[in-house]
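Structural characterization, general
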Amino acid sequence: MQAELISSFSDYSKTAVISAKELLEINKRLMGKMLDSQISLAALYVESSEKQLGLMESIDNPADFLSKETSLIEEYSSKLADVAQERMHIVKETSEEFKAWVEKGMKVADDA
């Protein structure tokens, strides 16, 4: 009886470690994707700042400046919308991974 209990505890411990490693991998992938997204977003901000400064240096007429600034804002708001959409895709994808991980854990618990 005691050997069976120890074996059972050992099996549960191994399953818990495997499950924790799987969760760690999911989180690692998520953090990598979000970090890449953050770097892209920072690059986008730098790029837009450079364009805005270049615009300020090259335009003398306030009406031209306003027109070009509006175009620049429209361009970058579209790019920011793309970043937001990409992040929503990452969230959805990760949510599905978490769901599969939980379902797998529940199946293991039911089988035990």
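In this report, we go over the structure that sits alongside the text. (Residues numbered from 1 in each chain as written. Predicted model: local features only at pLDDT ≥ 70, side-chain atom pairs only at ≥ 80, totals over all residues. Heavy atoms only, no water.)

**A closer look at the overall build of the protein**
Per the secondary structure count, the protein includes two helices and zero strands. For a compact globule of 112 residues, the expected C-alpha radius of gyration is about 13 Å, and the protein comes in at 25 Å, more than 25% above that figure. Dimensions of the protein along its principal axes, counting C-alpha atoms only, are 90 × 20 × 10 Å. Residue burial in the protein is summarised as follows: out of 112 residues, 13% are buried. Here the analysis covers contacts within the protein between residues at least 6 apart in sequence; of these, 79% occur between residues at least 24 apart. Here the protein has roughly 8,700 Å² of accessible surface; of this, 63% comes from carbon and sulfur atoms. (Helix = DSSP H or I, 4+ residues; strand = E, 2+ residues; numbered from the N terminus. Rg over C-alpha atoms; globule rule 2.2 N^0.38 Å. Buried < 20%, exposed > 50% of the residue type's maximum accessible area, 1.4 Å probe, protein only. Contact = heavy atoms within 4.5 Å. Areas by Shrake-Rupley, 256 points an atom, 1.4 Å probe, with all protein chains shown as cover.)

**Some thoughts on the side chain of Glu97**
Structurally, Glu97 is set in helix α2 (residues 62-111). For Glu97, a relative accessible area of 19% translates into the label buried.

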